Amino acid sequence: MSISCRYAAQCCARQLSARSAAPIRASSSILQQQRMTRRYNSTEAAASTNPKISAIVDQISQLTLLETADLVSSLKTRLNIPDLPVGGFAAAPAAAPAAAPAEEEDAAPAAAEKTLFTLKLQSFDAGAKPKIIKEVKNLLGLSLVDSKKFVESAPKQMKESVPKDEAEKIVATMKELGAVVVME
């Protein structure tokens with residue numbers, strides 16, 4: 001197991017070439033031609049689908065790293081794509097500013113029946129701390145260390161703009177584990 005696959009393949013190739021050199025060279029050249037043909041066909045099929053897209057792909061492939069970063073940032077601003085954090089769990093708070101103007105317009109109906117809630121971890125039972133840390137880790141997509149810090153810093157806001165059904169499920173789950181979660 002200590003030798004690499006490449007080294008083992010080279011040793012096998014040398015042994016076989018000592019026995020019959022011509023057929024191996026011919027078969028390796030055939031394999032190389034087949035690979036090139038497949039590669040050529042795959043790019044040809046992608047290019048033949050839409051010439052406009054293939055031209056864009058060609059232009060993007062010639063960009064430097066800095067130019068590509070500028071392209072990505074300008075596309076995000078033009079298409080209104082929010083920056084997502086690495087954990088990906090904060091996608092819901094990013095949607096909150098977009099929903100804010102709608103709530104301001106319909107302030108009276110929104111006050112009558114609230115559909116989106118903010119969940120806040122108020123306190124927890126010290127004996128159930130490991131279970132709560134695991135649940136927070138699963139809910140928020142944090143690492144174990146970050147989940148531990150999050151739980152220890154209670155009271156702290158868990159999630160924003162959570163639908164009522166999901167919020168009630170989270171509150172019930174956390175209550176079973178020994179934590180006090182408030183829907184605001």
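Each chain has its residues counted from 1, following the order in which its sequence is written. The predicted origin of the model limits local features to residues at a pLDDT of at least 70 and limits the giving and counting of side-chain atom pairs to 80 or more, whereas totals for whole chains, interfaces and linings rest on all residues. Side-chain measures were taken over the full set of non-hydrogen atoms in the model, leaving aside hydrogen atoms and water.

A. Quick peek at the overall build of the chain. Helix numbering and strand numbering both begin at the N terminus, where a helix is a DSSP run of H or I of at least 4 residues and a strand a DSSP run of E of at least 2. Looking only at helices and strands, one finds nine helices and three strands in the chain. If you list the helices and strands of the chain from N to C, you get α-α-α-α-α-α-β-α-α-β-α-β. Residue burial in the chain is summarised as follows: out of 184 residues, 12% are buried. Note on definitions: a residue-residue contact is assigned when non-hydrogen atoms from the two residues lie within 4.5 Å. In the chain, once contacts between residues fewer than 6 apart in sequence are set aside, the share between residues at least 24 apart is 67%. In these tables, accessible area is a Shrake-Rupley quantity obtained with a 1.4 Å probe, and a residue counts as shielded only by the protein chains included in the view. A total of about 13,900 Å² of accessible surface is found on the chain, and carbon and sulfur atoms cover 59% of it. Burial classification: accessible surface area is computed with a 1.4 Å probe over protein chains only, and a residue below 20% of its type maximum counts as buried, one above 50% as exposed, and the rest as partly exposed.

B. Seen up close, the sheet that holds strand 1 (residues 116–124). One requirement defines pairing of two strands: DSSP has to find at least two bridges between them. With antiparallel pairing, three strands are arranged side by side in an open sheet as 2-1-3. Each having just a single partner strand, strand 2 (156–163) and strand 3 (179–183) make up the two edges of the open sheet. Going from strand to strand, the sheet's axes swing by 25 degrees on average, the running direction of each strand aside. Relative to strand 3, strand 1 runs antiparallel, the two being bridged by five bridges. Counterpart to Lys-120 in the pairing with strand 3 is Val-182. The strands that helix 7 (residues 129–140) touches are strand 1, strand 2 and strand 3; relative to strand 2, the one it contacts most, it runs at about 45 degrees. Every axis corresponds to a line fitted to the C-alpha atoms, with the helix fit spanning only the stretch in contact, and the corresponding angles, defined between N-to-C directions, vary from 0 to 180 degrees.

C. Spatial organisation of the packing of helix 7 against helix 9 (residues 164–177). Put simply, helix 7 and helix 9 touch, their axes get as near as 9 Å, and they point 160 degrees apart. The pairing of helix 7 with helix 9 is recorded here as roughly antiparallel in orientation. You can see that helix 7 and helix 9 cross each other, and the crossing is right-handed. Where helix 7 approaches helix 9, its residues Lys-131, Ile-132, Glu-135, Val-136 and Leu-139 are matched on the opposing element by Ile-170, Thr-173, Met-174 and Leu-177. Under the scheme applied, nonpolar residues are Ala, Val, Leu, Ile, Met, Phe, Trp, Tyr, Cys and Pro; charged residues are Asp, Glu, Lys and Arg; polar residues are all the others, including Gly. Here the residues of the contact of helix 7 with helix 9 are counted per class, giving six nonpolar, one polar and two charged. Angle categories are assigned with fixed cut-offs, so that under 35 degrees is roughly parallel, over 145 is roughly antiparallel, 65 to 115 is roughly perpendicular, and the rest are oblique. In this scheme the handedness of a crossing depends on how the near helix is turned from the far one: anticlockwise by less than a right angle means left-handed, clockwise means right-handed.

D. Representation of the side chain of Ser-147 within the structure. Mapped onto the elements, Ser-147 comes out in helix 8 (residues 144–152). Ignoring anything within four residues of it in the chain, the contact list for Ser-147 reads Ile-133, Val-136, Lys-137 and Leu-142.

E. Structural context of the pairing of strand 1. Two strands pair when backbone bridges link them, and strand 1 and strand 2 are joined in this way by five bridges, in the antiparallel orientation. Considered in strand 2, the bridge of Leu-116 is made with Pro-163.

F. Structural detail: unusual backbone geometry. Going from Ala-154 to Pro-155, the amide bond is cis rather than trans, its omega being 5 degrees. Tracing the backbone shows Pro-155 in the loop between helix 8 and strand 2. At Asn-80, a position not held by glycine, the phi torsion is positive, near 55 degrees. A positive phi is found at Ser-161, a non-glycine position, where the angle reads about 55 degrees. Its location among the elements puts Ser-161 in strand 2.

G. Summary view of helix 4 (residues 65–78). With 14 residues, helix 4 should reach 20 Å at 1.5 Å per residue; the first-to-last C-alpha distance of 20 Å fits that figure. Phi turns positive one or two residues past the end of helix 4, at Asn-80, with a value near 55 degrees. To estimate the expected span of a helix, count its residues, drop one, and scale the result by 1.5 Å.

H. Structural detail: the nonpolar core. Here the nonpolar core consists of buried residues drawn from Ala, Val, Leu, Ile, Met, Phe, Trp, Tyr and Cys, with membership extended through side-chain atoms lying within 4.5 Å. In this structure, Leu-119, Leu-121, Met-158 and Met-174 are the most contacted members of the largest nonpolar core, which totals 19 residues. Secondary-structure elements contributing two or more residues to this core are strand 1, helix 7, helix 8, strand 2, helix 9 and strand 3. Apart from residues no more than four positions distant in its own chain, Leu-121 is found in contact with Phe-150, Val-151, Ala-154, Pro-155, Lys-156, Met-158, Met-174, Ala-179, Val-180 and Val-181.

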